[in-house]
Amino acid sequence: MKDGGLTLEELGRSIVDLAMTEDVIRRQVIALLPVGRRAERELEVLGRPSRLTVDFEVGEPAATRSMSGAFDVAIPHAVTVRVDAEGEAKEHRLDATLALRITPRPCAPLGIFLDVAELSAESVRFAESRASAKDYLRGRIEEEVRKELLRLVRARVAESRAERTLDLEEPLLRALGDASWAGQEEVEEPDGRDAPPPSRVRGAGGPASGAGLLDAPLGDLDAQLRFFGNAMPLQVWTARPDGQLNFVNRAVLDYFDRTEEQMIGEGWLAVLHPDDVPKTVAAWTRSLATGEPYHTEFRLRRASDQTYREHVVSALPQRDAAGNIFRWIGGTTDVAELRRAEAALRRSEARYRLFAEASNEGVWFWNLREDTVDWSDRMLQLIGVRREAWGGTFASFFERVHPDDQGAVQAALRAHLEERRPFEVECRLRREDGEYRDVFTRGMAEWDDKGVPFQMAGGATDITEKKRQQAVLNERLAIIEQQQEAIRALSTPIIEVWRGVLTMPVLGVLDEERAQQMMEVLLEAVARTRCRHAIIDLTGVSAVDAATADHVLRLIDAVALLGAQGIVVGIRPEVAQTVVSLGLDLSNIKTLSNLREALLFAMQSSGVSVKRRRKRRAGRERAGDAGDAEGTRDSRDG
C-alpha cells in the first residue's frame, strides 16, 4: 500500500493470483477451442495418391499451474482418420494430446490477458500405437494430423485475442459493493468508441507514471543496473557519453581476472589484441560521434589460458527526455567456439561438395514429416531440371519415375521404412526433355525414438551408359559363347562310321579341360546311339605324356561302363616310343594301326562277314549293269 492505494503493478499481480485458477483456465480453454472439427485433405504416400478424412473429438482439458505462474494445459484429442487410396479404405484411430502454455498477464485498466505461447511440432504428442509404432503410413498420418491440428488451433488462437482479454473491473467493483458503477452512463470518445470508465485504482488509466527507468532517481538506476548486470552470465558493461567505461559486471571480472578499477575507463584496452586496437577504437569513436549503435568484433585475452579469443560486442545509447545520450549499455560475447564450429562446418561442407562432385553422384535429402525433398546441383543436372522448376516434394520426384518402375521403387521404400531393409533400386527417371535415364539410387532413413522414420538421405548415379555398355558386352559374350560352342563341336567331332560304331578323331594337345569335354561328348553319343564300339583316333596327336595317356585310359574306362568297347587307333611311332619309355601299361586297351582295321574289327566282333558283304555288293553291281544294258536296247527298238 502506498498513500492508501495499490500501484497498478501490485494490483495486477494480486488480481492474477486471485482470479486465475486451474478451473478458470480450463473453462476458458474449452470456450476458446472448437469441440469438434472434420478436415479433408489430399496426401501422397510413396507416390500413391490418397485422401484423408480426419475427425477430431476434444476431451476434457487438464490445467496445472507452474512455479512461474503460467498454466500448462493438456487437451486430449481422439482422432479418427480414414485413408482412401486406389480403391482401398482403411481407418486409423489416434490418441493425441495438445499441450498449451497459457500465461495470465495483467493489462490496463484492470484486466487479465491470457497469453498463449507459440505452438510448435512438439505441442502435439501421440500415444504409442499397439499395432505398429514403426509403420511408415501411420507416421505419415500422424504428421498430417499434427499439421492440421496445429493449423486449426493457431487460427483459433489468433482470432480469439479479444476473447482472451478478461475485464475484471466491473466484477471487482460489484464485489466491493460500488453501486455507482452500475448507474454510470457510458462516455463516448470523439471517434465513436466507448471509453472505459475512470478507474478507482490509483495509477490506472493515466499516463505511464513510473513505467520507465528514466522516471526513477539516478542512484536507483545505477543500483538496478548493477544488480541485473551482475546477475547475468553475459559480459555486460556501461560507459559514459565520452566512451569511458564506468561499470563492468561480475562476468567480465571473472573472465579477465581483473578488478573493476583495472577495467573501467580505458583499462579494458589492456586485454585487447594489439592488432585489433586501431579498428576497435575507430569504430567506438564513430559511434560516440554519431550516436549510432556500436557493433564490431575483436580479440580479447582470456585470463584462464592467456589466449586471445574472438568476441562480438554490441552497445546501444540510452537517451534522456531531451534526446541526449547519457549512457551506453553494451555486451560482449565470446564467440571463439562458435567461430570454430562454423569453420568446421564450412570445411565439412567443402569436403561434402568435393566428394559429391568427384563421385559424380547426385545427392538427395527427404524430410518425411514435411514431405520436402532437396536435390543437389548434380542431381538436378542429372535430370536436366532447373532448381526453380523443381517441385521439391516426393510426388514431384515420383512422377518422373517410369510407370513400369514405380512399383519397384514403392516396394523398396516400404521395405526400408517399415522393415529397415537396405534401400537400393534401379529405375528410369524422366529428364526435362522427355528422355528416360537409367539411375541407381540408394539411401538410408533415420528413425525417432518411437521407431517412426522422419528423414532419409541418399545418392543417385546415372548408369545409362554403363547399362548400354553392359548390353553390348553381353551381346559380344553371347557371340563368343556361340563361337566357342562351335569350336568345341569341331574339336570333338563324333562320326558314326557304321551302325553301332562311333569314331572320335583327336587333334592337337589333350589337356584336362579338353579331356573332360571329350568324355562328356563321347559318353552322350554312346548313350544316345547305343553303339557297341567307340574308336578313338590318335592320328592327329604328335606327342603324348603320362597325363595324356591317363586321359585316354579314363575315357576307355568310361565308355566300357556304358557297355561299349573302346578302341585306340593311329598311334604314331614317336608316340609309341614315348609310351614305352614312360612305362605305361596299355595292355588292357585294344589298339590297332588305323581306322580301317578298327572298323573291320568292330564289324567282325558284331558277327558280320566282310567277304559275304563284298559278294553281295558285287552281285548288286552286276545286276545293275545288266539292267542298264536292257534299258539301252529298249530305247533303240523304240
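Counting restarts for each chain, with residues numbered from 1 along the sequence as it is written. At least 70 in pLDDT is required for a residue's local features to be given in this predicted model, at least 80 for side-chain atom pairs to be given and counted, and no such filter applies to totals for whole chains, interfaces and linings, which use all residues. With hydrogens and water stripped out, all remaining heavy atoms of the structure feed into the side-chain values.

Caption draft 1: A look at the overall build of the protein. The helix count covers DSSP runs of H or I at least four residues long, the strand count covers runs of E at least two residues long, and both are numbered beginning at the N terminus. Along the backbone of the protein there are 19 helices and 25 strands. Only protein chains enter the calculation, and the probe is 1.4 Å; a residue is then buried if its accessible area is under 20% of its type maximum, exposed if over 50%, and partly exposed in between. Every one of the 638 residues in the protein was classed for burial, and the buried ones make up 36%. We call two residues in contact when some of their heavy atoms are within 4.5 Å. Relative to all contacts within the protein whose residues are 6 or more apart in sequence, the contacts with residues 24 or more apart total 56%. Method for areas: the Shrake-Rupley scheme with a 1.4 Å probe, in which residue coverage is limited to the protein chains shown. Put simply, the protein shows about 37600 Å² of open surface, and 52% of that area lies on carbon and sulfur atoms.

Caption draft 2: Looking closely at the pairing of strand β24 (residues 565-569). Extensive coverage of β24 is indicated by the burial of four of its five residues. Strand pairing requires that DSSP identify at least two bridges connecting the strands. Where strand β23 (residues 533-540) meets β24, five bridges bridge the pair, whose relative direction is parallel. In the sheet register, Ile-535 faces β24, and the bridge partner there is Ile-567.

Caption draft 3: Molecular detail of the confidence of the model for the protein. Summary statistics for the protein give a mean pLDDT of 77 and a share of 76% for residues scoring 70 or more. Segment residues 1-8 is flagged for pLDDT under 50; beyond a separation of four residues in sequence, or across chains, it makes 13 contacts in the model. Every residue gets a pLDDT, meaning the predictor's confidence in that residue, from 0 to 100. A low-confidence stretch, residues 175-218 stays under pLDDT 50, and its non-local contacts, those more than four residues away or across chains, total 43 contacts.

Caption draft 4: Here's a closer look at unusual backbone geometry. Phi at Arg-420 takes a positive value of approximately 60°, unusual for a residue other than glycine. Although it is not a glycine, Arg-530 adopts a positive phi angle of roughly 55°.

Caption draft 5: Focus on the nonpolar core. By nonpolar core is meant a set of buried Ala, Val, Leu, Ile, Met, Phe, Trp, Tyr and Cys residues that side-chain atoms within 4.5 Å join together. Ile-25, Val-73, Val-81, Leu-100 and Val-145 are the most contacted members of the largest nonpolar core, which has 35 residues in total. A per-element tally of this core places helix α3 (residues 136-159) first, with eight residues. Sequence-distant contacts of Leu-100, defined by excluding residues within four places in its chain, comprise Leu-33, Phe-71, Asp-72, Val-73, Ile-75, Val-116, Leu-119 and Val-153. One finds Met-379, Leu-382, Phe-394 and Val-401 within the second-largest nonpolar core, a separate group that totals 29 residues.

Caption draft 6: The packing of aromatic side chains, seen in detail. Centre distance within 6.5 Å is the pairing criterion for rings of Phe, Tyr and Trp, where only the six-membered ring of Trp is used; planes under 30 degrees apart are then read as stacked, over 60 as edge-to-face, and the remainder as tilted. Evaluation of the coordinates by the stated rule reveals nine aromatic pairs. Both rings, one in Trp-237 and one in Trp-284, keep their centres 5.8 Å apart while their planes meet at 85°; by these two values the pair is edge-to-face. Taken together, the residues Trp-237 in strand β11 (residues 235-239) and Trp-284 in helix α9 (residues 277-290) connect sequence positions 47 residues apart. Residue class for Trp-237 comes out buried when judged on its relative accessible area of 8%. The class of Trp-284 is buried, set by a relative accessible area of 8%.

Caption draft 7: Region of the structure containing the side chain of His-77. For His-77, the location among the structural elements is in strand β4 (residues 71-85). Exposure remark for His-77: the relative accessible area of 6% places this residue in the buried category. Contacts described as polar in this section are N or O atom pairs within 3.5 Å, which, within protein, must combine one atom able to donate a hydrogen with one able to accept it, while residues neighboring in sequence count only if both atoms come from side chains. Polar contacts involving the side chain of His-77 include one to the main-chain carbonyl oxygen of Ile-75, which spans 3.1 Å. Excluding residues that lie within four positions of it along the chain, His-77 makes contacts with Phe-56, Glu-57, Val-58, Leu-94, Asp-95, Ala-96, Leu-98 and Leu-149.

Caption draft 8: Focus on helix α16 (residues 546-561). By definition here, a helix of n residues has an expected span of 1.5 Å times n minus one. Taking 1.5 Å of rise per residue, 16 residues should cover 22 Å, and α16 covers 23 Å from first to last C-alpha, within 8% of that figure. If you check which residues of α16 are buried, you get Thr-548, Ala-549, His-551, Val-552, Leu-555, Ile-556, Ala-558 and Val-559. Residues of α16 that are buried in the fold lie against α15 (512-529), β23 and β24. Positive phi shows up at Gly-563, right after α16, with a value of about 90°.

Caption draft 9: Structural detail: the sheet that holds strand β16 (residues 362-367). Across the sheet, five strands lie side by side as β17-β16-β20-β19-β18; this open sheet has antiparallel pairing. Each end of this open sheet is capped by a strand with a single partner; those strands are β17 (372-375) and β18 (423-430). Neighbour to neighbour, the strand axes of the sheet diverge by 25° on average, direction disregarded. As paired elements, β16 and strand β20 (residues 453-462) share six bridges and run antiparallel to each other. Residue pairing in the sheet places Trp-366 in a bridge with Met-456 of β20. Note on geometry: axes are C-alpha line fits, over the in-contact stretch for helices, and angles between N-to-C directions span 0 to 180 degrees. Sheet strands touched by helix α13 (residues 403-419): β16, β18, β19 (436-447) and β20. Its angle to β18, the strand with the most contacts, is close to 150°.

Caption draft 10: Geometry of the environment of Ala-70. Along the chain, the position of Ala-70 falls in the loop between β3 (62-65) and β4. For Ala-70, a relative accessible area of 3% translates into the label buried. Along the sequence, Ala-70 and Leu-114 sit 44 residues apart, while their C-alpha atoms lie 9.6 Å from each other. Excluding anything up to four places from it in sequence, Ala-70 contacts Thr-64, Arg-65, Arg-101, Ile-102 and Thr-103.

Caption draft 11: Structural view of the sheet that holds strand β22 (residues 501-507). Overall, mixed pairing links the five strands, which are arranged β21-β22-β23-β24-β25 in an open sheet. Strands at the two margins of the open sheet, each flanked by one partner only, are β21 (495-498) and β25 (590-592). The sheet shows a mean angle of 30° between the axes of neighbouring strands, taken without regard to direction. Of the pairings in the sheet, the one linking β24 to β25 comprises three bridges and is parallel in character. Following the sheet pairing, Val-569 is matched in β25 by Leu-592. In the packing of α15 onto the sheet, contacts are made with β22 and β23, and the angle to β22 comes to roughly 165°. Strands in contact with α16 are β23 and β24; relative to β24, the strand with the most contacts, it is inclined by about 150°.

Caption draft 12: Structural detail: the pattern of salt bridges. A carboxyl oxygen of Asp or Glu within 4 Å of a side-chain nitrogen of Lys or Arg is what we treat as a salt bridge. Summed over all chains, the structure comprises 32 salt bridges. The closest approach of N and O atoms between Arg-386 and Glu-388, which form a salt bridge, is 3.2 Å. In this pair, the class of Arg-386 matches that of Glu-388, namely exposed. Across the salt bridge formed by Arg-528 and Glu-524, the nearest N and O atoms sit 3.4 Å from each other. Taken together, the positions of Arg-528 and Glu-524, both in helix α15 and four residues apart, correspond to about one turn of that helix. Among the charged side chains, a network of salt bridges with common partners joins Glu-143, Arg-146, Arg-369 and Asp-448.

Caption draft 13: Focus on the packing of α15 against α16. Look at α15 against α16: their axes get within 10 Å of each other, and the N-to-C directions meet at 20°. Taken together, α15 and α16 sit at an angle that is classed as roughly parallel. The handedness of the crossing between α15 and α16 is right-handed. Contact residues: α15 offers Glu-512, Ala-515, Met-518, Met-519, Leu-522 and Leu-523, while α16 offers His-551, Arg-554, Leu-555, Ala-558 and Val-559. Gly falls in the polar group here, along with every residue not listed as nonpolar (Ala, Val, Leu, Ile, Met, Phe, Trp, Tyr, Cys, Pro) or charged (Asp, Glu, Lys, Arg). Tallied by class, the residues present in the contact of α15 with α16 amount to eight nonpolar, one polar and two charged. Roughly parallel here means an angle under 35 degrees, roughly antiparallel means over 145, roughly perpendicular means 65 to 115, and every remaining angle is called oblique. Less than a right angle of anticlockwise turn of the near helix away from the far helix marks a crossing as left-handed, whereas a clockwise turn marks it as right-handed.

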